[in-house]
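Residues per chain, in single letters:
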Amino acid sequence: MKTFVVLSDSHGRRKVAEKLAPLFAENDYIVHLGDGAGDMREVSGRYPDKTYVMRGNCDFVSGLEEAVIEAEGVSVMCCHGHRYGVKSGLSRLAARAKELGCSVALYGHTHRASVEETDGVLCVNPGAAGSYSDASYCYLVLHRGKATPTIVPIT
């Protein structure tokens, strides 16, 4: 079993990363899906081997455009989502995930938490970690070829 803490769109609210710090220590992967990539500098420094930070459309620091993480028989695509028009639908995101051989696509950009299947791809948006209200992240478990996402409010 492998576990992920997935967050996105923290938009400069570094206190969210501080609040989630105990979770970062105990999980196998930490993924930030962009728009607040700079908020993860300390986390990346502390956990370089398990932290993946995407660059969003509002990020002016370094970050990955996309990443594929393979664990427990599941391939997971990670991106911010703006390049795939996720505000208008998830078909382009799902098509890119399939092209990469992934059955799960993690994306941000919309600031709305969502878990839905599109064209056989499980598309998961953790919501906006930097929201003033309804802030959330995703706890993702991969186990024996299955992905189980849970959207968790940040209180």
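Above this text is the structure in question.
Cut-offs used in this document
- Residues numbered from 1 in each chain as written.
- Predicted model: local features only at pLDDT ≥ 70, side-chain atom pairs only at ≥ 80, totals over all residues.
- Heavy atoms only, no water.
- Core = buried A, V, L, I, M, F, W, Y, C linked by side-chain atoms within 4.5 Å.
- Buried < 20%, exposed > 50% of the residue type's maximum accessible area, 1.4 Å probe, protein only.
- Helix = DSSP H or I, 4+ residues; strand = E, 2+ residues; numbered from the N terminus.
- Contact = heavy atoms within 4.5 Å.
- Pairing = 2+ DSSP bridges.
- Axes fitted to C-alpha atoms, helices over the stretch in contact; angles between N-to-C directions.

S.K.: Could you clarify how one ought to interpret the nonpolar core in this entry?
M.R.: Across soluble globular proteins, nonpolar side chains show a tendency to be buried alongside one another. Phe4, Cys78, Leu106 and Leu142 are the most contacted members of the largest nonpolar core, which totals 20 residues. Looking at this core, the elements that each hand over two or more residues are β1 (2-7), β2 (29-32), β4 (66-71), β5 (74-79), β6 (104-106), β8 (121-125) and β9 (136-143). Among residues more than four places away in sequence, those in contact with Leu106 are Val6, Leu33, Val76, Met77, Cys78, Cys79, Val124 and Leu140. Within the second largest apolar cluster, 16 residues are counted, among which are Val5, Val43, Tyr47 and Tyr137.

S.K.: Where do I start with the sheet that holds β2 in this structure?
M.R.: Whether parallel or antiparallel, the strands of a sheet pair through hydrogen bonds between backbone atoms. Read from one edge of the open sheet, five strands run β3-β2-β1-β9-β10, paired in mixed fashion. If you trace the sheet from one side to the other, it starts and ends with β3 (51-53) and β10 (146-153), each paired once. Averaged over all pairs of adjacent strands, the angle between their axes in this sheet comes to 20°, without regard to strand direction. Alignment of β1 against β9, held across five bridges, turns out to be antiparallel. Across the sheet, the residue bridging to Val5 is Tyr139, located in β9. Contacts between helix α1 (residues 14-26) and the sheet are confined to β1, β2 and β9, with β1 contributing the most and set at about 170° to the helix.

S.K.: Would you explain the pairing of β4 in this entry?
M.R.: Here β4 shows a clear split, with Ala67, Ile69 and Ala71 buried on one side and none of Glu66, Val68 and Glu70 buried on the other. Here β4 runs beside β5; their pairing, made up of six bridges, is antiparallel. Along β5, the bridge assignment pairs Ala67 with Cys78. Remark: two residues form the turn of the hairpin made by β4 and β5, two consecutive strands paired antiparallel; Glu72 in that turn has positive phi of roughly 55°.

S.K.: Help me out: how do you make sense of unusual backbone geometry in this one?
M.R.: Negative phi is the rule for most residues except glycine; trans is the rule for most peptide bonds. Positive phi values are uncommon outside glycine, yet Asp9 reaches one of about 50°. Note that Asp9 resides in the loop between β1 and α1. For Asp9, a relative accessible area of 0% puts it in the buried group. Positive phi outside glycine occurs at Glu72, with the angle close to 55°. Tracing the sequence through the fold places Glu72 in the loop between β4 and β5. Residue Glu72 is classed as partly exposed on the basis of its relative accessible area, which comes to 29%.

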